[in-house]
Amino acid sequence: MSFVNIPLEHKQAALQELSGIKEQFAARHWFPGTSGNLSLRVGDYTPENFHFAITASGKDKSVSTPSDFLFVDQDGRPCETTGLKPSAETLIHCEIYRETGCGAVFHVHTVFNNLVSEYFGEQGEVPIQGLELIKAFNIWEENAAITIPVLPNYAEIPKIAELVSGVLNQSIPGILLRGHGIYAWGQNAFEAKRHLEAFEFIFEYIYRDLLLRK
Ligand SMILES: CSC[C@@H](O)[C@@H](O)C(=O)COP(=O)(O)O
Ligand SMILES: [Zn+2]
């Protein structure tokens, strides 16, 4: 275990922000059956040596308790004395932080992201064109066409984590896991939340659009 002294005020600020977001997402029923995980980078550390707060594994994310989060290092190892286990999917967060230098990573399972990831699973990407909401990703070009990558949902998380760098597109702040959920990220919690909300809007739109065309 690699212990570090993250300044208390940084830890408290991170926990307060993450708890607030967890509550908001829970109110939208975005954590069914203990699914989902959230993380937020803490402090002003180098890209090679960073730490982040992450949800503890297997918790009911619709309630708030003192043991909801713990702090881990860039390899996902707890960096403080704790009986808590980091999210089973911590390695995916590590990989996204490493690849993008982002400040927050949010993962949720929803019916719409599961349906869309399955529908486009073989194709390996979800195509989108002409939707206003991609401006939430800072894409301003008129009628822009983008794709959201879809990775297979292997049982071994390291196997998924090692595929992240191969599909990650620096201008699209999200990756779907097939039949599982979405990972969305941003420079900070505000941006990651904006991205996640835009993705979820887009997935619901795609689902309803496919139904309408049948
Ligand atoms: C209980 S189903 C969801 C889990 O298998 C997993 O995908 C998930 O998102 C939550 O895992 P966790 O270890 O609590 O972060
Ligand atoms: Zn998950």
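Our structure's up above, just so we're on the same page.
I will try to describe carefully the structure that is included in this document.

What counts and how
Residues numbered from 1 in each chain as written. Chains lettered and ligands numbered in written order. Predicted model: local features only at pLDDT ≥ 70, side-chain atom pairs only at ≥ 80, totals over all residues. Heavy atoms only, no water. Phe/Tyr/Trp six-rings, centres within 6.5 Å; stacked < 30°, edge-to-face > 60°. Buried < 20%, exposed > 50% of the residue type's maximum accessible area, 1.4 Å probe, protein only. Lys NZ or Arg CZ within 6 Å of the ring centre and 35° of its normal. Helix = DSSP H or I, 4+ residues; strand = E, 2+ residues; numbered from the N terminus. Expected span 1.5 Å × (residues − 1). Arc of directions from axis to C-beta. Contact = heavy atoms within 4.5 Å. Near = heavy atom within 4 Å. Polar contact = N/O pair within 3.5 Å; in protein donor to acceptor, adjacent residues only side chain to side chain. Areas by Shrake-Rupley, 256 points an atom, 1.4 Å probe, with all protein chains shown as cover. Nonpolar A, V, L, I, M, F, W, Y, C, P; charged D, E, K, R; others polar. Salt bridge = Lys/Arg side-chain N within 4 Å of Asp/Glu carboxyl O.

Describing the packing of aromatic side chains
Part 1: The final tally for this structure, using the stated rule, is 10 aromatic pairs.
Part 2: When the centroid spacing of 6.4 Å and the interplanar angle of 50° are considered together, the rings of Phe25 and Phe31 count as tilted.
Part 3: With a centroid separation of 5.1 Å and 70° between ring planes, the pair formed by Tyr119 and Phe120 is classed as edge-to-face.
Part 4: You can call Tyr119 exposed: its relative accessible area is 53%.
Part 5: Residue classification places Phe120 among the buried residues on the basis of a relative accessible area of 9%.
Part 6: Lying across the ring of Phe50, Arg41 places its NZ or CZ 4.4 Å from the centre.
Part 7: The lysine or arginine in question, Lys159, covers the ring of Tyr154, its NZ or CZ lying 4.1 Å from the ring centre.

Here we look at helix α1 (residues 8–27)
Part 1: In a regular helix each residue adds 1.5 Å, so 20 residues correspond to 28 Å; α1 covers 29 Å between its end C-alpha atoms and thus fits that length.
Part 2: For α1, the full list of buried residues reads Ala14, Leu18, Ile21, Lys22, Phe25 and Ala26. One side of α1 holds all its buried residues, which, seen down the axis, span an arc of 135°. Turned more than 90 degrees away from the buried face of α1 sit Leu8, Glu9, Gln16, Glu23 and Ala27, all of them exposed.
Part 3: Buried residues belonging to α1 abut β1 (37–42), β2 (51–55), β3 (69–73), β4 (104–108) and α5 (189–213).
Part 4: Directly beyond the C-terminal end of α1, a positive phi value near 60° is found at His29.

Digging into the site of ligand 1
Part 1: Taken together, 14 residues form the shell around ligand 1, and within it Ser57, Gly58, Lys61, Ser87 and Glu89 come nearest.
Part 2: Asn37 has a polar side-chain atom sitting 2.9 Å from an oxygen atom of ligand 1.
Part 3: Ser57 places a polar side-chain atom, nitrogen or oxygen, 2.6 Å from an oxygen atom of ligand 1.
Part 4: Compared with its free state, where it exposes 410 Å², ligand 1 has 73% of that area covered by protein.
Part 5: Its residues placed into classes, the shell around ligand 1 shows one nonpolar, 11 polar and two charged.

Quick word on the pattern of salt bridges
Part 1: Using the criterion set out here, one finds 13 salt bridges in the structure.
Part 2: Of the charged contacts in the structure, one is a salt bridge between Lys22 and Asp68, with a shortest N-O distance of 3.4 Å. Here the residue Lys22 occupies a position in helix α1, and Asp68 occupies one in the loop between β2 and β3, the gap between them amounting to 46 residues. Exposure class is identical for Lys22 and Asp68. Each is buried.

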